[in-house]
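Here is how the chains run, residue by residue.
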Amino acid sequence: EIIDEHTSGHERVRMVRDKETGLKAIVAIHNSSLGPALGGTRFFPYQREAEALTDVLRLSEGMTLKAAAAGLPLGGGKAVIIGDPHTDKSPELLRAYGQFVHAFGGDYITAGDVGTTAADMDVIGSQTPWVVGRNAGGSGDSGYSTAFGVFVAMQAAAVYVWGSQGLAGRRVGVEGAGKVGSQLVRLLVDAGADVVLADRDPMALQRVSGTHPGTDVTDRVLDQDIDVYAPCAMGGTLNPKTIPAVRARIVCGAANNQLLDTDCEEQLQSAGILWVPDYVANAGGVIQVSSEVTDLGTEEVTDRIAKIGPAVTGMLEAAGDGSQTPAQAARELVLRRLSEAKGHNS
Ligand code: NAI
Ligand code: K
């Protein structure tokens, strides 16, 4: 059963329910003025369908901003599968999902996200060519690329705030020791930063702190006495209730939708906290996987990700006189790119 949802602000939102495999999924195409909509598939035990819908709408919009900010010829889309990835995921379900993706004819291109892996993309890819980040014939997991982008973004912000020594000797709190967080810890340790790490999964925590014995572990990162807060777990950790507890000078991480809403930008600014917009810092993964459908070569991918650093510097300089927040400067750039593309297409 396929249902088209009508929502203002998105180009296409479609839900599928498949009794045979238990698949319940929503694909949202937010904006395709720059190219086909690309974005990962989140497999998550949403309590209600409305919650899944809200998430996919927000995440797909974030992908539009991310692709445009990174200068990629891609639009924004995202998908959610409603269920517990540990118990509900099966090859049959993933194949049914692959057929659903295929029905978009390439207008939506999927990838991995929270709850899905490169191996899952291989299974989905047995049904459709419109999937990136596979192991077989794709560029694989994007955790390192994302971590590298977050790292160069953070380093640029640190140099802006503390001068040329950047992150060296600074205390960085990493929330989430998963595919991105674990790689970020390595980059930070190599740069001479002091790392404190949290993850609600003790196994994940142990894996990373075992590899990097100099790192500290904690239950909660957000309100620690740290210089940089790096949210690399779930979004929404910054909201009017939590922001007063943040002691870090810089917030820069991989999680999507870190702020509950855009009002939080000014709240952070007045608290003297520099927030590097999530969709700017975490574009490394999409830059990597998008190279499978654009003409970017491997070296250009690394180059493009490294350029997130200077992009952050430019954004901070543009916002430097205090007339706007860095996030406003980033949004202006994105809106300009989107409206220019619309002009070309019409
Ligand atoms: P992951 O699922 O591999 O790792 C997330 C980790 O966070 C897990 O170890 C989990 O136990 C932990 N966690 C969950 N809730 C937590 C909490 N409240 N406190 C502390 N730890 C918690 O996910 P991955 O791939 O590392 O992604 C991390 C974040 O970055 C996600 O929000 C994702 O959407 C975002 N992101 C990831 C990209 C990628 O290339 N993997 C690209 C862009 C964004
Ligand atoms: K992604």
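(A) The overall build of the protein, seen in detail. Looking only at helices and strands, the protein has 13 helices and 13 strands in total. Radius of gyration (C-alpha) of the protein: 19 Å, near the 20 Å computed for a compact globule of 346 residues. Along the first, second and third principal axes, the C-alpha set of the protein runs to 55 × 50 × 40 Å. Residues counted as buried form 53% of the 346 residues belonging to the protein. In the protein, the share of contacts with a sequence separation of at least 24, taken over all contacts with a separation of at least 6, comes to 64%. For the protein, the separation between the mean place of its 29 positive charges and that of its 42 negative charges on side chains is 1 Å.

(B) Representation of the site of ligand 1 in the model. As a structural note, the neighbourhood of ligand 1 is formed by 21 residues, with Ser142, Thr146, Val180, Asp199 and Ala233 the closest of them. Contact distances for ligand 1 include 3.1 Å between an oxygen atom and a side-chain N or O atom of arginine 42. Within the side chain of threonine 146, one N or O atom sits 2.6 Å away from an oxygen atom of ligand 1. Residue classes in the shell around ligand 1 are distributed as eight nonpolar, six polar and seven charged. Residue contributions to the shell around ligand 1 reach at least three from each of two domains, namely domain 1 (2-59 + 75-124) and domain 2 (143-336).

(C) Quick peek at the environment of leucine 197. Its place among the elements puts leucine 197 in strand β9 (residues 194-198). Residues leucine 197 and methionine 121 lie 76 residues apart in sequence; the distance between their C-alpha atoms is 29 Å. In contact with leucine 197, other than residues within four places in its own chain, are Val174, Gly176, Ala177, Val185, Leu205, Val208, Ser209, Asp216, Val217, Thr218 and Val221.

(D) Molecular detail of a negative patch on the surface. Together, Asp295, Glu299, Glu300 and Asp303 line one region of the surface with negative charge. By the element assignment, aspartate 295 lies in the loop between α10 (284-290) and α11 (298-306). Look at aspartate 295 and you get exposed, because its relative accessible area is 72%.

(E) Quick peek at the pairing of strand β6 (residues 75-82). The buried fraction of β6 is high, at eight of eight residues. Side-chain alternation along β6 places Gly75, Gly77, Ala79 and Ile81 on one buried face and Gly76, Lys78, Val80 and Ile82 on a second face that is also buried. Pairing of strand β4 (residues 37-38) with β6, which is carried by two bridges, proceeds in the parallel orientation. Note on β6: the bridge partner recorded for leucine 38 is glycine 76. In this structure, strand β5 (residues 41-44) lies alongside β6, joined through four bridges in parallel fashion. When the bridges of β6 are listed, phenylalanine 43 appears paired with isoleucine 81. One crossover worth recording links β5 to the parallel β6 by way of helix α1 (residues 49-69), and it is right-handed.

About the cut-offs
Residues numbered from 1 in each chain as written. Chains lettered and ligands numbered in written order. Predicted model: local features only at pLDDT ≥ 70, side-chain atom pairs only at ≥ 80, totals over all residues. Heavy atoms only, no water. Helix = DSSP H or I, 4+ residues; strand = E, 2+ residues; numbered from the N terminus. Rg over C-alpha atoms; globule rule 2.2 N^0.38 Å. Buried < 20%, exposed > 50% of the residue type's maximum accessible area, 1.4 Å probe, protein only. Contact = heavy atoms within 4.5 Å. Lys, Arg positive; Asp, Glu negative; His and termini not counted. Charge placed at Lys NZ, Arg CZ, Asp CG, Glu CD. Near = heavy atom within 4 Å. Polar contact = N/O pair within 3.5 Å; in protein donor to acceptor, adjacent residues only side chain to side chain. Nonpolar A, V, L, I, M, F, W, Y, C, P; charged D, E, K, R; others polar. Domains from an automatic or database assignment. Patch = residues over 30% accessible without salt bridge, like charges linked within 9 Å, V, L, I, M, F, W, Y side chains within 5 Å. Areas by Shrake-Rupley, 256 points an atom, 1.4 Å probe, with all protein chains shown as cover. Salt bridge = Lys/Arg side-chain N within 4 Å of Asp/Glu carboxyl O. Pairing = 2+ DSSP bridges. Right-handed = clockwise from strand over helix to strand, strands pointing away.

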